[in-house]
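# Survey of secondary and tertiary structure
Residue strings, one per chain:
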Amino acid sequence: MATPGIEQLFEFQRLPKDGFLLLLFLLYAPVGLCLMLLRLFIGVHVFLVSCALPDSLVRRFVVRVMCSVMGVFVKQNDPRLRDRNVKVYICNHVTQFDHNIINLLTSCNTPMLEGSPGFVCWARGFMEFGLLSSRSEMAESLKRYCSTEGSLPLLLYPEEETTNGRMGLLKFSSWPFSVSDSVQPVALFVKRPFIPANIEESSWILELLWTLFIPFTVYQVRWLPTVSRQDGNSSQEFGNEVQELLAMELGVVSTQITRADKAEHLKRKRHIAPHTINSNQSLGARPRTISLGFMASNSMMEDMRISGMVQQVKEVLPHVPLGVIKRDLVQTNCVDTTITNLLEGAEEMNSNSSGVLSVAAIQTSSLNAVGDTASAPALKPNAKSFGKYPGDRHMSLQDRKEALYEYARRRYIEKHGLNRQTDNTQ
């Protein structure tokens, strides 16, 4: 099975892309709103019952039946496969309520990795460990917890972040496998109609409301055989072994994409659209509709956008290789900034090469391409002589750069007919 890209592991668009499914969703929307209001009322009673009854088989049965009324159905393959002696369950992470689902089947605790302890942490079913500065401290605290007589098993997510559960697993962290030498993997499948089970960067309250809005959500839990650490294996090697077993059970790929890679990808997606809009507006172009955000983003559209920007820079600097232009655009996402970087880079090379002016060659070729343009002012592509002092050489380079900026602006306006558009509006 081919390794999926990072974009394929997560969901960024909630509404269905298929036109027929979208029509069905819109027809269902009034019914969904009524169901959500009714289920909110039932949900309050579910919370009160779970708080009032002690942790027991009776409470889990009652809460599970009430959750079915709310449209949350939980199934498991065989309860006898669950190891009652194991202290750590290892599960893939799909939604923000996975630990609540497992708690409907067996008693276990899930530590709160991020966020401050308090009422919300307790109400969501997490176990509070206070503020710990690192994962190693968390692992040591969990070791002490597991060594306590009568403590409940721990439910841990080595991925540390949610995925869509359909394409691959994030690389497992090593710290959950330093807590115990024996763990039981748990494979979790989530299915629901119309919309994905989880949307990235969505709050848990919003996800809860969507869960109540949708007709039903089915959670299927599969208990895998207990896995023990082999002699001489490190925590990371132990985690890799469990990751491969879970991936095979889920029918997905075991990737090397980490939690940090996901955070960097989300950060880049948040900033790519604003940078593109600013680039277009700074060039005087009409703002285009950006379809790259969370609603309809994919790698093909990103390549098309970068290719268009590469051509804009190539028109101004025809002698710069396309690979150099594209590499700088991927980092800047701005045509103006890339032109500036290429010019300043050429000028730095020029200053360090005893007056061999690479910028002059670029400017001269650009001027020759439009030498018969009547409105072209007399630019200064070359200095009359190499200056004796650094200040004189800098002024010569600065003059040529300003002249090239003016030429590039005029050529862009002529190509896109901005002068004609201005005259028509007047």
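Reading the values: rules and limits
Residues numbered from 1 in each chain as written. Predicted model: local features only at pLDDT ≥ 70, side-chain atom pairs only at ≥ 80, totals over all residues. Heavy atoms only, no water. Helix = DSSP H or I, 4+ residues; strand = E, 2+ residues; numbered from the N terminus. Areas by Shrake-Rupley, 256 points an atom, 1.4 Å probe, with all protein chains shown as cover. Expected span 1.5 Å × (residues − 1). Bend = angle between axes of the 7 residues up to and from the residue. Buried < 20%, exposed > 50% of the residue type's maximum accessible area, 1.4 Å probe, protein only. Polar contact = N/O pair within 3.5 Å; in protein donor to acceptor, adjacent residues only side chain to side chain. Salt bridge = Lys/Arg side-chain N within 4 Å of Asp/Glu carboxyl O. Patch = residues over 30% accessible without salt bridge, like charges linked within 9 Å, V, L, I, M, F, W, Y side chains within 5 Å. Contact = heavy atoms within 4.5 Å. pLDDT = per-residue confidence, 0-100. Axes fitted to C-alpha atoms, helices over the stretch in contact; angles between N-to-C directions. Parallel < 35°, antiparallel > 145°, perpendicular 65-115°, else oblique. Nonpolar A, V, L, I, M, F, W, Y, C, P; charged D, E, K, R; others polar. Pairing = 2+ DSSP bridges.

### Things to note about the overall build of the protein chain
In terms of helices and strands, the protein chain carries 14 helices and eight strands. On the protein chain, roughly 22900 Å² of surface is accessible, and the fraction owed to carbon and sulfur atoms is 59%.

### Topic: helix α1 (residues 19-52)
With 34 residues, α1 extends 46 Å from end C-alpha to end C-alpha; this agrees with the ideal 50 Å at 1.5 Å per step. At alanine 29, α1 is deflected by roughly 45°, the largest bend along its length, and proline proline 30 occurs up to four residues later in sequence. All of the buried residues in α1 are Phe25, Tyr28, Gly32, Met36, Arg39, Ile42 and Val46. For α1, the N-terminal cap is aspartate 18; the gap from its side-chain oxygen to the backbone nitrogen of phenylalanine 20 is 3.1 Å.

### Considerations on the pattern of salt bridges
What the rule picks out here adds up to 14 salt bridges. For the salt bridge of arginine 59 with aspartate 55, the shortest nitrogen-to-oxygen distance reads 3.8 Å. Overall, the relative accessible area of 41% leaves aspartate 55 in the partly exposed class. Here the salt bridges share partners, and the residues they tie into one network are Glu161, Glu200, Arg259 and Lys262.

### Quick look at a nonpolar patch on the surface
On the surface, a nonpolar cluster with roughly 610 Å² of combined accessible area is contributed by Val44, Phe47, Leu48, Phe119, Val120 and Trp122. Those elements that place two or more of their residues in the nonpolar patch are α1 and α4 (119-123). Tracing the sequence through the fold places phenylalanine 119 in helix α4.

### What about the environment of glutamate 137?
Inspection of the secondary structure assignment puts glutamate 137 in helix α5 (residues 135-146). Among the residues examined, glutamate 137 registers a relative accessible area of 36% and is labelled partly exposed. When the C-alpha positions of glutamate 137 and tryptophan 175 are compared, they lie 9.6 Å apart, and in sequence the two are 38 residues distant.

### Observations concerning the side chain of threonine 211
You can see threonine 211 is positioned in helix α6 (residues 204-213). Polar contacts involving the side chain of threonine 211 include one to the main-chain carbonyl oxygen of glutamate 207, which spans 2.8 Å. Excluding residues that lie within four positions of it along the chain, threonine 211 makes contacts with Arg39, Val72, Phe97, Arg192 and Thr217.

### Observations concerning the environment of valine 253
You can see valine 253 is positioned in strand β8 (residues 253-254). Accessibility expressed as a relative area gives 9% for valine 253, which makes it buried. Spatially, the C-alpha atoms of valine 253 and threonine 3 are 6.3 Å apart, while their sequence positions differ by 250 residues.

### Here we look at the confidence of the model for the protein chain
Per-residue confidence for the protein chain gives a mean pLDDT of 80, with 76% of residues at or over 70. Confidence over residues 283-297 falls short of pLDDT 50; this stretch has 35 contacts with residues more than four positions distant or in other chains.

### Notes on the packing of α1 against helix α2 (residues 57-69)
For any two helices packed against each other, the geometry is given by the interaxial angle and the distance between the axes. Close contact between α1 and α2 brings their axes to 10 Å; oriented N to C, the two are set at 175°. Taken together, the axis directions place α1 and α2 in an arrangement best described as roughly antiparallel. For the pair formed by α1 and α2, the contact residues are Arg39, Ile42, His45, Val46, Val49 and Ser50 on the first element and Arg59, Val62, Val63, Met66, Cys67 and Val69 on the second. Looking at the contact of α1 with α2 residue by residue, the class counts come to eight nonpolar, two polar and two charged.

### Comments concerning unusual backbone geometry
Leaving glycine aside, a negative phi is the common case for residues, and trans is the common case for peptide bonds. The phi dihedral of glutamate 160 is positive, around 70°, even though this residue is not glycine. Tracing the backbone shows glutamate 160 in the loop between β3 (154-156) and β4 (168-169). When its relative accessible area of 14% is taken as the criterion, glutamate 160 is described as buried. One non-glycine residue, phenylalanine 194, lies in the positive phi region at around 75°. Within the secondary structure layout, phenylalanine 194 lies in the loop between β5 (182-191) and α6.

### Some thoughts on the pairing of strand β2 (residues 88-91)
Side chains of β2 alternate between two faces, with Val88 and Ile90 and Tyr89 and Cys91 buried alike. Note: β2 against β3, three bridges, orientation parallel. Bridge pairing links tyrosine 89 to leucine 155 in β3. Relative to β5, β2 runs parallel, the two sharing three bridges. Paired with tyrosine 89 across the bridge in β5 is glutamine 184.

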